[in-house]
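A closer look at the structure
Spelled out from the first residue to the last, the chains are:
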Amino acid sequence: MQQEENSLKELEALQKFNPFAPTETSYRMGWIGMQAVRYVNMSDSAEYSLPPVSLHTIALHLRPPEKFNLQFEGVKLDRPLPTGSIQVVPAGSPTLLRWQGSRDLVVIYLEPSLAARVATESFEFDSTRTVVPPFCSPNAPGLRSAILGVYAELKSGGGERLLVESLANILSVHLIRHITGAQRWPAAADGVLPRRKLHAVIEYIMENLEGSPTLEQMAAVAQLSPYHFARQFKATTRLAPYQYVIERRVERAQQLLRINGELSLAEIAVLAGFSDQSHLTSLFKRITGVTPRQFRISAGIQ
């Protein structure tokens, strides 16, 4: 958590160098491994420098300006990027930007330790290898889809930490794949979880449902990398880990609603592992079709 807090402070300090305020950010949403920022209608003319940060910066250009100049570590670009282009600025690289014409983009800041871990565990790379070089790419459909998945969670309010952690791992995998051109996953990514490992993971989830079991913790129980674990878990249960956890939390909330009419919905939310009553209500209705209050009334508990 200290690393996440330090990263947030660094990104908030970085914003002082940027004359444009973001329209949406994940700051203070409790995200793990990455942060996301959305900029809309950035003005017709600008020139400024951004200092280096300790995170990899991944930018998806949704509307490029008419003229564009970009300089960072080993990259000097003096032409507009096509819509859908992606630029990656490695951690520790200062950036110079200059453009004319309005622009929109999504920026994701990714923890280097996460990208390095994915490179090591999912692709069996040497951990000392530089895995994220600087680049600009107009054609990276897998990486683009991963970025848009992160942005969709940002737009939705970003309340599910486990989903955000999964998205950060998926983004890292596509980033490494694009850089290396790897077309196949290691064999360990295939198949299903052995019954013994599945039971151990489910037991861990149920024992920690009130808290915030992370993808990394569940993967450690199964003795797999987070990405391989997520794939095998879904192949076995037909649910992604975050979907499985949400369903178990809703089931626990249903139990509490049935047996205890004295608990408030806010108390039930905490006991079932939701961040607050609003989070409980949103996911409860999505899964059951009714609100917790409606469910309590239908169960005859007043």
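Going by the structure above, here's the rest.
Residues numbered from 1 in each chain as written. Predicted model: local features only at pLDDT ≥ 70, side-chain atom pairs only at ≥ 80, totals over all residues. Heavy atoms only, no water.

**A look at the overall build of the protein**
Within the protein, the regular secondary structure consists of 11 helices and 10 strands. Its C-alpha atoms give the protein principal-axis dimensions of roughly 65 × 45 × 30 Å. In the protein, which comprises 302 residues, the proportion classed as buried is 48%. In the protein, once contacts between residues fewer than 6 apart in sequence are set aside, the share between residues at least 24 apart is 74%. Averaging the locations of the 31 positively and 28 negatively charged side chains of the protein gives two centres separated by 6 Å. (Helix = DSSP H or I, 4+ residues; strand = E, 2+ residues; numbered from the N terminus. Buried < 20%, exposed > 50% of the residue type's maximum accessible area, 1.4 Å probe, protein only. Contact = heavy atoms within 4.5 Å. Lys, Arg positive; Asp, Glu negative; His and termini not counted. Charge placed at Lys NZ, Arg CZ, Asp CG, Glu CD.)

**Quick look at the pairing of strand β5 (residues 67-72)**
Alignment of β5 against strand β8 (residues 95-100), held across five bridges, turns out to be antiparallel. Looking at β8, one finds that Asn-69 is bridged to Arg-98. Note that β5 and strand β6 (residues 75-77) share three bridges and pair antiparallel. Opposite Leu-70, over in β6, you have Leu-77 as the bridge partner. The turn linking β5 back onto β6 is made up of two residues, and Gly-74 within it adopts a positive phi angle of 75°. (Pairing = 2+ DSSP bridges.)

**What about the sheet that holds β8?**
Reading across the sheet, the four strands line up as β3-β8-β5-β6 and stay open at both edges, with antiparallel pairing between neighbours. In this open sheet, the two strands that pair with only one neighbour each are β3 (45-50) and β6. If you compare each strand with its neighbour and ignore which way they point, the axes differ by 5° on average. (Axes fitted to C-alpha atoms, helices over the stretch in contact; angles between N-to-C directions.)

**Focus: the sheet that holds strand β1 (residues 24-25)**
Taken together, the six strands give an open sheet; going across it, the order is β1-β2-β9-β4-β7-β10, and neighbouring strands pair in antiparallel fashion. What marks the edges here is a single partner per strand, and that holds for β1 and β10 (135-137). Taken together, the two bridges between β1 and strand β2 (residues 34-42) define a ladder with antiparallel strand orientation. When the sheet's bridge partners are listed, Glu-24 is paired in β2 with Arg-38. Sitting on the sheet, helix α4 (residues 161-180) touches β2, β4 (56-63), β7 (86-89), β9 (103-110) and β10, and the angle it makes with β9 is about 100°.

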